[in-house]
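# Per-entry structural report
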Amino acid sequence: MTAGTETARQLPVADRAAVRRAAWGLIRADGRAMVGLLLLSSLAVAAGLAPPWLLGQIINRVRAGDGAGSVDSLTAAIVGFAVLQLVLVRFARYAAHRFAERALVRIRASFVDRVVALPTAVVERAGTGDLMMRSTGDVAAVGSAVGYAAPDVLIAALQVAFILVAVFVVSPLLGLCGLVGLPMMWLVARWYLNRSRIAYLAEGAARSALADDLAGTVAGARTVEALRLQRRRVDSGNRRIVAGYGTQLRTLFLRNVLYPVIDFAHSLPVAVMLFLGGLCYVHGIVTLGAVVAATLYMRQLVDPLDIALQWMEQLQQSGASLARLEGIGQVAITEPAMGREPADDRLVATALHYTYDGHHDVLHGVDLAVRPGERLAIVGPSGAGKSTLGRLLAGIDTPGSGTVTLGGIPLDAVPADELRRLVVLVTQEHHVFLGSLRDNLAIAAPQADDDELLAALDAVEAHWVRELADGLDTELGGNGQVLDVAAAQQLALARVVLVDPHTLILDEATAMLDPTTARQAERSLGAVLHGRTVIAIAHRLQTAHDADRIAVIDGGTITEVGSHRELVAAGGGYAALWRSWHGR
C-alpha cells in the first residue's frame, strides 16, 4: 500500500502479534529497569507473605502453651515485615511509574515520527477524525495503561503467584481448596478477552467516525448553511452517535458478565477453605494455625484479583488503542532509490491520469512542461482539475498513470525530505502552531537567526510583526496572540521564503487576503524567488495576466498554453474567461 494506491478511508490497525511485539519492544528498550522492578516487586510480595504465616505460628504456640515472650517476638516480626512491605511497595511503584513514563515518551515519539512520515495523501484520505482520535484518545488510553494499569497489574500478578505458592507450602490440601475458583476465572476471562478486543476496536472506530463527521461539518459550516444541508448533517451526526452508542453497549455487556463472575470466583475459595479446613482441623489433619494462615492468604488474594479486574477493561481498551497507534506504522511508504538526483529544475508531466473514486478520471492525458525560472499560471473553470494537477506536480499525490519528473527523475524516486525542500505547495489552509512566532517560523528553517526570520516576514509584507510588544517572542494561539486569516497566510508565506525552494506551487495561497494585500504579497514573494519557478493556480485572472505562460485546463485536459496576449488573441477558452472576468 503506497501513497498513490492508498484508498481506504481509515488508517490500518495492527494485529495482536504486532501489538505484542510493540509491548515487548518497550520492555527490551528499558530491560535493566524492568529487572529492577521485578526484583523490588517480588521482595515486596514476599514480605507481605510473612505476617499470615507468623500469625498462624502465634496461634499454634498459644495452643501449645508457650509464654508471652514468644508471642511478643512473633508480633514484632509481623510489624517489621509489614513496615518492610510498605517500604518495598513504595519503591516498586516508584520504579514502575518511572519505567512507564519512559515507555510513554517512546510511544509518543514513535507515533509522532510515524505520522510526520505519512504521505499527505494518505492522511487526507483517512480523514481528520481518525488521526485526531488516535493522537488524542488512543495516546491517552495507552498512557493511562502504561502509567497506572500495567504497574498495578504486574504487582498483582506477582502477588497471586506468590500467595498460591504460600498456601501450598502451608498445606497442600488447603492449597487445592484455593484453586477452586481458578477454572471459573479462566473461562470467563477467556470469554471476555476473545470478544473485548474486537468490541473496543469497534468503539474506537465509531469515535473516529463521529469526530470525522463533526470536523467535516464544522470545517464546511458555511457551505452547509449556503446549501441548506443542516438537516442532512444533523441526521448524519445522529447516525454516528447511535452507532457509537451501540458499540458502547456491547463493551458494557461484556463487563456486566465479567465482573459478577470474577467476584464470585475469588470469594468461593475462601468459603470452601473455611469449611473444609474446619473439617480437617477437627479430624487432626491440619493445625488451626495452618487453617488461619491459609485463609488469610486467600483473603489476601482478593485485593490483587480486584486490582486485576479493575484494570482489565483499561488494559483491553489500551490494547486496542495501541493496535491503532501501531497501525500507523503499517502504512507502507515507498522508499526512493538512493543516489538519484534531479539533473536540473525542469518539471515535466506526461500523460497524467488521476481519479479519486477509482472510476472517473479527474485528469486524463495531461502533458505539461514547466521551464525553470518561469511564472506559469494554471486557470480554468471550477472543478476542471487545477488543484489536482498542482498536487501531482508537487508530488503529494501519485498519478494513476503517467509520470511527473523533476530533472528527469520521477518524483516518487526523489527522497521526500529533498522533494519538500525543492518543490513546495502552498494552499489557503495554513496552521498557526501553539508557541512563539519564532517557533512558528523556525519550523521551516531551524538554523535561521532573528534577522533572517524578520527578513522573511518583511518579504511578504507582514509589517504587523513590528507592532507586537514581544516581537518574535510573542506567543501565538491559545491564550496568546490570535492571528487573523491574512496574517496567518503571510506567516505561511514567510515559511516558504525561509525554505527557499526552486519551485513554488501556489493554490489559492492568497485567496483569503484582500486584493491589495494579495497583490503586495505576490509581488514580494516574486521578488524573493526571482529566478525560480512559480506555478500559480490562478483564481484571480490578474495573476494569470502577469504570468510568463498560462495553461488552461478544462474537463481534466489542458486545452491551451501560451502567454496572456497570445491566448486573448486566439479567442478560445481563456479569452472567454478574461472577458467574463472584466464583465464584457
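Provided above is the structure to which this section pertains.
Heads up: these notes are all about the structure in this document. (Residues numbered from 1 in each chain as written. Predicted model: local features only at pLDDT ≥ 70, side-chain atom pairs only at ≥ 80, totals over all residues. Heavy atoms only, no water.)

### Digging into the overall build of the protein
In terms of helices and strands, the protein carries 19 helices and 12 strands. When each of the 584 residues of the protein is scored for burial, the buried share is 43%. When contacts within the protein are restricted to residue pairs at least 6 apart in sequence, long-range pairs at least 24 apart make up 78% of them. Taken as a whole, the protein presents about 29,100 Å² of accessible surface, with 60% of it coming from carbon and sulfur. (Helix = DSSP H or I, 4+ residues; strand = E, 2+ residues; numbered from the N terminus. Buried < 20%, exposed > 50% of the residue type's maximum accessible area, 1.4 Å probe, protein only. Contact = heavy atoms within 4.5 Å. Areas by Shrake-Rupley, 256 points an atom, 1.4 Å probe, with all protein chains shown as cover.)

### What about the packing of aromatic side chains?
Scanning the entire structure with this criterion turns up 1 aromatic pair. Here Trp191 and Phe253 contribute two aromatic rings whose centre-to-centre distance is 6.1 Å and whose plane-to-plane angle is 75 degrees, an arrangement assigned as edge-to-face. In this pair, Trp191 sits in helix α7 (residues 182–219) while Phe253 sits in helix α9 (residues 230–282), placing the two residues 62 residues apart along the sequence. Judged by its relative accessible area of 22%, Trp191 is partly exposed. Overall, Phe253 belongs to the partly exposed group, its relative accessible area being 40%. (Phe/Tyr/Trp six-rings, centres within 6.5 Å; stacked < 30°, edge-to-face > 60°.)

### Some remarks on a nonpolar patch on the surface
Taken together, the side chains of Val79, Val83, Val87 and Phe91 define a hydrophobic patch exposed on the protein surface, amounting to about 350 Å² of accessible area. The residue Val79 is located in helix α3 (residues 68–117) in this model. (Patch = residues over 30% accessible without salt bridge, like charges linked within 9 Å, V, L, I, M, F, W, Y side chains within 5 Å. Salt bridge = Lys/Arg side-chain N within 4 Å of Asp/Glu carboxyl O.)

### Brief notes about α9
Spanning 53 residues, α9 covers 78 Å between terminal C-alpha atoms, matching the ideal 78 Å at 1.5 Å per step. Positive phi appears at Gly284, one or two residues downstream of α9, with a value of about 75 degrees. (Expected span 1.5 Å × (residues − 1).)

### Considerations on the pattern of salt bridges
Opposite charge on two side chains permits them to pair, given that their charged atoms come into close proximity. Summed over the entire model, instances satisfying the criterion amount to 13 salt bridges. Of the charged contacts, one joins Arg233 and Asp213 as a salt bridge, the two residues approaching to 3.6 Å between their closest N and O atoms. Of the two residues, Arg233 is situated in helix α9 and Asp213 in helix α7; the sequence distance between them amounts to 20 residues. Assessed through its relative accessible area of 6%, Asp213 is described here as buried. Three or more residues joined by partner-sharing salt bridges are found here, namely Asp213, Arg233 and Arg240.

### A look at the sheet that holds strand β10 (residues 533–537)
The 6 strands lie next to each other as β6-β9-β10-β3-β11-β12, forming an open sheet whose pairing is mixed. The outermost strands of the open sheet, each flanked by one partner alone, are β6 (423–427) and β12 (557–562). Shown here is a sheet whose adjacent strand axes are inclined to one another by a mean of 15 degrees, direction ignored. Relative to strand β11 (residues 549–554), strand β3 (residues 375–379) runs parallel, the two sharing 4 bridges. Residue pairing for β11: Val379 is matched across the bridge by Val552. (Pairing = 2+ DSSP bridges. Axes fitted to C-alpha atoms, helices over the stretch in contact; angles between N-to-C directions.)

### Examining the packing of helix α1 (residues 16–29) against α3
Relative orientation of the contacting elements α1 and α3 amounts to 120 degrees, with a least axis distance of 10 Å. Here α3 runs oblique to α1, going by the angle between their axes. Where α1 crosses over α3, the two elements pack in a sense that is right-handed. Residues Leu26, Ile27 and Ala29 of α1 pack against Phe99, Ala103, Arg106 and Ile107 of α3. Among the residues forming the contact of α1 with α3, the class breakdown is 6 nonpolar, no polar and 1 charged. (Parallel < 35°, antiparallel > 145°, perpendicular 65-115°, else oblique. Left-handed = near helix turned anticlockwise from the far one by under 90°. Nonpolar A, V, L, I, M, F, W, Y, C, P; charged D, E, K, R; others polar.)

### Topic: the packing of helix α14 (residues 450–459) against helix α15 (residues 485–499)
Remark: α14 packs on α15, axes separated minimally by 8 Å, with the N-to-C direction vectors making an angle of 120 degrees. Here α14 lies oblique to α15, going by the angle between them. The element α14 and its partner α15 pack so that their crossing is right-handed. Only Ala494, Val497 and Leu498 of α15 make contact with α14, whose side of the interface consists of Glu452, Leu453, Ala456, Leu457 and Ala459. Its residues assigned to classes, the contact of α14 with α15 shows 7 nonpolar, no polar and 1 charged.

### Considering the sheet that holds strand β4 (residues 401–406)
The sheet built from 4 strands is open, its strands ordered β2-β1-β4-β5 with antiparallel pairing. Pairing within the sheet leaves two strands with one partner each, and these edge strands are β2 (361–370) and β5 (409–410). Pairing geometry for β4 and β5, over 2 bridges, is antiparallel. Looking at β5, one finds that Thr405 is bridged to Pro410. Here helix α11 (residues 386–394) sits on the sheet and contacts β1 (347–355), β2 and β4; the angle it forms with β2, its principal contact strand, is near 55 degrees.

### Some points on the environment of Gln330
When you line up the elements, Gln330 lands in the loop between α10 (288–327) and β1. For Gln330, a relative accessible area of 36% corresponds to the partly exposed category. Spatially, the C-alpha atom of Gln330 lies 7.3 Å from that of Ala14, the residues being 316 residues apart in sequence.

### Regarding the environment of Ala161
Along the chain, the position of Ala161 falls in helix α5 (residues 128–170). Judged by its relative accessible area of 39%, Ala161 is partly exposed. For the pair formed by Ala161 and Leu301, sequence separation is 140 residues and the distance between their alpha carbons is 9.5 Å.

### Examining the nonpolar core
Residues Phe111, Val167, Leu258, Met273, Leu301 and Ile328 are the most contacted members of the largest nonpolar core, which totals 52 residues. Of all the secondary-structure elements, those providing two or more residues to this core are α1, α3, α5, α6 (172–178), α7, α9 and α10. For this core, the element with the most residues is α10, which contributes 12 residues. Beyond its immediate sequence surroundings of up to four residues, Leu301 is in contact with Val160, Ile163 and Leu164. Among the nonpolar cores identified, the runner-up in size contains 30 residues, and Val370, Leu411, Val423 and Ile505 belong to it. (Core = buried A, V, L, I, M, F, W, Y, C linked by side-chain atoms within 4.5 Å.)

### Considering the pairing of β11
The element β11 is largely enclosed, with a buried count of 5 among its 6 residues. In terms of strand pairing, β11 meets β12 through 5 bridges, oriented antiparallel. For Ile550, the partnering residue across the bridge sits in β12 and is Gly562. The loop that links β11 with its antiparallel partner β12 comprises 2 residues; one of these, Gly555, has a positive phi angle of about 65 degrees.

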